[in-house]
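Chain by chain, the residues:
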Amino acid sequence: TDEKPTLVVFLRHSGCTFCREALAELHTKLGEIETHGSQIAIVYQESSDGMRPLLEKYGMQDVEQFSDPDRRMYAAFQLQLG
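All values derive from a computational prediction rather than experimental measurement. (Residues numbered from 1 in each chain as written. Predicted model: local features only at pLDDT ≥ 70, side-chain atom pairs only at ≥ 80, totals over all residues. Heavy atoms only, no water.)

Before going further, it helps to examine the overall build of the chain. What the chain contains, in helices and strands, is 3 helices and 3 strands. Taken from the N to the C terminus, the helices and strands of the chain come in the order β-α-β-α-β-α. The C-alpha atoms of the chain give a radius of gyration of 12 Å, which matches the 12 Å a tight globule of 82 residues would have. By principal-axis analysis of the C-alpha atoms, the chain measures approximately 35 × 30 × 20 Å. Looking at the chain alone, contacts between residues at least 24 apart form 64% of all its contacts between residues at least 6 apart. (Helix = DSSP H or I, 4+ residues; strand = E, 2+ residues; numbered from the N terminus. Rg over C-alpha atoms; globule rule 2.2 N^0.38 Å. Contact = heavy atoms within 4.5 Å.)

A separate point is the pairing of strand β1 (residues 6-10). Relative to strand β2 (residues 39-44), β1 runs parallel, the two sharing 5 bridges. Bridge assignment links leucine 7 to a residue of β2, and that residue is isoleucine 40. In this fold, the crossover linking β1 to β2 by way of helix α1 (residues 17-35) has right-handed handedness. (Pairing = 2+ DSSP bridges. Right-handed = clockwise from strand over helix to strand, strands pointing away.)

The subject of this paragraph is helix α2 (residues 48-57). When we look at burial in α2, the residues that qualify are Met51, Leu54 and Leu55. When α2 is viewed along its axis, its buried side chains cluster within an angular range of 100° and face the same direction. The outward face of α2, more than 90 degrees from its buried face, is lined by the exposed residues Asp49, Pro53 and Lys57. Phi for glycine 59, located one or two positions after α2, is positive at around 65°. (Buried < 20%, exposed > 50% of the residue type's maximum accessible area, 1.4 Å probe, protein only. Arc of directions from axis to C-beta.)

Here the focus is the side chain of glutamate 46. Mapped onto the fold, glutamate 46 is located in the loop between β2 and α2. For the buried glutamate 46, which has no salt bridge, the nearest side chain bearing the opposite charge is arginine 20, at an N-O separation of 8.2 Å. Non-local contacts of glutamate 46, meaning those with residues more than four positions away in its chain, are made with Arg12, His13, Ser14, Met51, Ser67 and Asp68. (Lys, Arg positive; Asp, Glu negative; His and termini not counted. Salt bridge = Lys/Arg side-chain N within 4 Å of Asp/Glu carboxyl O.)

In this structure, arginine 71 takes a positive phi of about 60° despite not being glycine. Among the structural elements, arginine 71 can be located in the loop between β3 (64-67) and α3 (72-76). With phi around 55°, glutamine 78 is a residue other than glycine that occupies positive phi space. Note on glutamine 78: relative accessible area 67%, which makes it exposed.

With that settled, consider a nonpolar patch on the surface. A cluster of nonpolar side chains, Val8, Phe77 and Leu79, forms an exposed patch at the surface whose accessible area comes to about 240 Å². Inspection of the secondary structure puts valine 8 in strand β1. (Patch = residues over 30% accessible without salt bridge, like charges linked within 9 Å, V, L, I, M, F, W, Y side chains within 5 Å. Areas by Shrake-Rupley, 256 points an atom, 1.4 Å probe, with all protein chains shown as cover.)

Shape is all these values report; function is a separate question.
Have a look at this one:
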């Protein structure tokens, strides 16, 4: 984030319907986001191995990503469950 603006996207897990919708939309907007000099970082509550197939399915495997099963980043951003 020191180098360019970053859109941080918090997801739940690979079985979440809303997460799949978000990834599909992010995939369609990725080129536009990068063209404007920004990047995407994805945070999720699952292991990297568990989330990898879903990220690959939506072509998002190369964006910055953080596995956060203990929800520390969620707490830092004051995000609640639900």
